[in-house]
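Below, each chain spelled out in residue letters.
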Amino acid sequence: MSEIKGASVVIVGGGVTGLSAGWWLARDGVDVLVLEKGLIGWEASGRNGGGCSHHHSPLFAEEQRLWPIMDELLGYPTEFRGERVRLAASEHQMALYGRALRNAARQGFESEVLDVKQAKELVPLAGDTVVGGYHYKFGGHANPHRTLQGYAWAMQDHGGRILQHTTVTGFRTEGGRVVAVETDRGEIGCDSLVLAAGPQTGRLSAMLGQEVPVQSARCEMIVTEPLPLMPLGGVDGCGLYGRQTLRGNLAYGGGPHEWLAMAEEGTLPKPTTPLMLQMGRRLAELLPKAS
């Protein structure tokens, strides 16, 4: 049985959504507990491109306000680096990538159109396939692992609690509301419940008769050995998104057209699927000096 008997708010899911929700609540004095079936950030939140440039989101303006001050707010480093570059290898790509410029401009954010010379100066690893690009004076990228750990530590600094290796098995309801979360470590009482379980949200919400329709898919990331640091670490193009780490590694993923069906529950799909070959080829096209 768990030694923790309950909390005012129980959050299921120890990824960036659950931990950030927990931190905002804890800093306002709310008694909050985050449950995670494995380790925090062990799934999608710890395996991604670290992008901070969601210009299509209704929360974009707030995202851009917060990211530059997150280290100060949390008291821990996120390794956030502002601004991004998107390279184009054709006039079609230049037109396509201009959508982000126009969408951001409508919200008051500036960008700069780059000619070939300017693009290569900002992205020294680029090659002769570049016809131009965009320098977005917004967005950026952060280290997913640093950010997650920062949220976790900051939440605990404000009295919030995290219980890892705790699998949710069900819920107990009374009078039409959840009063306890059932886990493999015992029952945990709550006044309010937050589901932030990513791809598991559909399955968990179905236990409450309020299924959120979620279809899960698996993406891939490709990571290189360290390379010389570029002036800006966030460089997109060729249908790829990603970043250069402070150590110099390039970490890149593909688009939604390159998702894989999830494996059956309880099984781990093998890494290095055929997607890796396609992403490796396009990364060499995007940054041929890194090929």
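Rules used in this analysis
Residues numbered from 1 in each chain as written. Predicted model: local features only at pLDDT ≥ 70, side-chain atom pairs only at ≥ 80, totals over all residues. Heavy atoms only, no water. Core = buried A, V, L, I, M, F, W, Y, C linked by side-chain atoms within 4.5 Å. Buried < 20%, exposed > 50% of the residue type's maximum accessible area, 1.4 Å probe, protein only. Helix = DSSP H or I, 4+ residues; strand = E, 2+ residues; numbered from the N terminus. Contact = heavy atoms within 4.5 Å. Axes fitted to C-alpha atoms, helices over the stretch in contact; angles between N-to-C directions. Parallel < 35°, antiparallel > 145°, perpendicular 65-115°, else oblique. Left-handed = near helix turned anticlockwise from the far one by under 90°. Nonpolar A, V, L, I, M, F, W, Y, C, P; charged D, E, K, R; others polar. Phe/Tyr/Trp six-rings, centres within 6.5 Å; stacked < 30°, edge-to-face > 60°. Lys NZ or Arg CZ within 6 Å of the ring centre and 35° of its normal.

Observations concerning the nonpolar core
Then comes step 1: In terms of nonpolar packing, the biggest core is built from 23 residues, with Leu87, Val123, Tyr252 and Leu287 touching the most fellow members.
Then comes step 2: Put simply, the parts of the chain that give this core at least two residues each are strand S3 (81-88), helix H5 (116-122), strand S14 (250-253) and helix H8 (274-286).
Then comes step 3: In this structure Leu287 touches Leu87, Val123, Leu125, Ala126, Val235, Leu250 and Tyr252, once residues within four positions along its chain are discounted.
Then comes step 4: In this structure, Trp23, Val32, Leu66 and Ala154 belong to the second largest nonpolar core, which totals 21 residues.

Overview of the packing of helix H1 (residues 16-27) against helix H6 (residues 144-157)
Then comes step 1: As a packed pair, H1 and H6 sit with axes 9 Å apart at the nearest point and diverge in direction by 30 degrees. Put simply, H1 runs roughly parallel to H6. Considering the relative orientation of H1 and H6, their crossing is left-handed. Here Val16, Leu19, Ser20, Gly22, Trp23 and Ala26 of H1 come into contact with H6, specifically with Leu148, Tyr151, Ala152, Ala154 and Met155.
Then comes step 2: Residues belonging to the contact of H1 with H6 are distributed by class as follows: nine nonpolar, two polar and no charged.

Comments concerning the packing of aromatic side chains
Then comes step 1: Applying the stated criterion across every chain, the model contains nine aromatic pairs.
Then comes step 2: Measuring from centroid to centroid gives 5.5 Å for Trp67 and Phe80, while their planes differ by 10 degrees, and the two rings are stacked. In this pair, Trp67 sits in the loop between helix H2 (60-66) and helix H3 (70-74) while Phe80 sits in the loop between H3 and S3, placing the two residues 13 residues apart along the sequence.
Then comes step 3: Taking relative accessible area as the criterion, Phe80 reaches 22% and is therefore assigned partly exposed.
Then comes step 4: Taking the centre distance of 6.1 Å and the plane angle of 5 degrees together, the rings of Tyr134 and Tyr136 count as stacked. In this pair, the class of Tyr134 matches that of Tyr136, namely buried.
Then comes step 5: In textbook terms, an aromatic cluster arises when at least three aromatic residues are bridged by ring pairs, as seen for Phe60, Phe109, Tyr134, Tyr136 and Phe138.
Then comes step 6: The ring of Tyr97 carries Arg86 above its face, with NZ or CZ at 5.2 Å from the centroid.

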